[in-house]
Amino acid sequence: MNLRIDKVVRSVGPGFRKVYSLVLTDAGLCILHTGEVRALKHYRLDAALNQVIADHAADRSVMQLQANEARIDSMPLDELVNESGSYLVRLDAIEAVEIRAGQAPALIVHVTGSDHHLAFPLTPLDQVETLHRALSMWSMKKPA
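Quantities reported herein were computed from a predicted structural model and do not represent experimental measurements.

Chemist: I would appreciate a short explanation of the sheet that holds strand S7 (residues 94–100) in the present structure.
Modeler: Sheet strands line up and pair through hydrogen bonds in the backbone, either parallel or antiparallel. Ordered by their spatial adjacency, seven strands build an open sheet running S6-S3-S2-S1-S9-S8-S7, and the pairing between neighbours is antiparallel. What marks the edges here is a single partner per strand, and that holds for strand S6 (87–90) and S7. Averaged over all adjacent pairs, the angle separating strand axes in this sheet is 30 degrees, with direction ignored.

See below:
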């Protein structure tokens, strides 16, 4: 079964952040570009319903984000990871995973040659912890 988390913020350079969906599969961690960070100001986490609500669904950036997230359900992941701004992190390349709790939980995924800083402003901490545990299992499987 795939684990999926939407509306994840990734720093792509100094002062540049974009929104991604993460899909963990047997092949790896798919990091799929879904939109621009400005769209997130129109969302909020409804704690009672434990779901993300769009307060301004007619905003163009929100519509783009929702359309790109919907494509994840209708297109093969192999095609999506080959699109501009998206990529696949092989599970055997993961060296370590750090979790940072706070107002917006964060993960730092250390892979061979780079680090991926991921923030989860609209994701409950328990879902971030589930992803952390799953990715950490792969980093622990590496031969010493």
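Chemist: It is not clear to me how helix H1 (residues 60–74) should be interpreted in this structure. Could you clarify?
Modeler: Side chains three or four residues apart in an α-helix point the same way, a direct result of the helix having 3.6 residues per turn. Counted at 1.5 Å a residue, the expected span for H1 with its 15 residues is 21 Å, and the 21 Å between its end C-alpha atoms agrees. Every buried residue of H1 is listed here: Ser61, Val62, Leu65, Asn68, Glu69 and Ile72. For H1, the arc enclosing every buried residue in end-on projection is 135 degrees, short of the 170-degree limit, so these residues lie on one face. For H1, the exposed residues set more than 90 degrees away from the buried face come down to Arg60, Asp73 and Ser74. Elements that come into contact with the buried residues of H1 comprise strand S1 (3–13), strand S2 (16–24), strand S3 (28–36), strand S4 (43–46), strand S5 (51–54) and helix H2 (77–80).

Chemist: Got a minute to help me understand the pattern of salt bridges in this structure?
Modeler: One side chain can pair with another of opposite charge once the charged atoms of both are near each other. Under the definition given, this model contains eight salt bridges. For the salt bridge of Asp46 with Arg44, the shortest nitrogen-to-oxygen distance reads 3.9 Å. Judged by relative accessible area, which is 17%, Asp46 ranks as buried. With its nearest N and O atoms 2.5 Å apart, the salt bridge here joins Glu83 to Arg71. One end of the pair, Glu83, is in the loop between H2 and S6; the other, Arg71, is in helix H1, with 12 residues separating them in the sequence. On the basis of relative accessibility, which here comes to 27%, the residue Arg71 falls in the partly exposed class. Several salt bridges converge on common partners, so that one network encompasses Arg4, Asp6 and Asp73.

What counts, and where the lines are drawn
- Every chain is numbered on its own, with residues counted from 1 as its sequence reads.
- In keeping with the predicted nature of the model, local features appear solely for residues at pLDDT of at least 70, side-chain atom pairs appear and are counted solely at 80 or more, and the whole-chain, interface and lining totals rest on all residues.
- Side-chain descriptors were evaluated using all non-hydrogen atoms of the structure, hydrogens and water having been removed beforehand.
- The pairing criterion is simple: DSSP has to find at least two bridges between the two strands.
- A run of DSSP states H or I qualifies as a helix once it reaches four residues; a run of E qualifies as a strand once it reaches two. Both are numbered from the N-terminal end.
- Between the N-to-C directions of two axes lies an angle of 0 to 180 degrees, each axis being a line fitted to C-alpha atoms and, for a helix, fitted only over the stretch in contact.
- The span one expects for a helix is its residue count, reduced by one, times 1.5 Å.
- For each residue, the accessible area found with a 1.4 Å probe, counting protein chains only, is set against the maximum for its type, and the residue is called buried under 20%, exposed over 50%, and partly exposed in between.
- It is the directions from the helix axis to the C-beta atoms whose arc is reported.
- Any two residues whose heavy atoms approach within 4.5 Å at even a single point are treated as in contact.
- Salt-bridge detection follows one rule: a side-chain nitrogen of Lys or Arg within 4 Å of a carboxyl oxygen of Asp or Glu.

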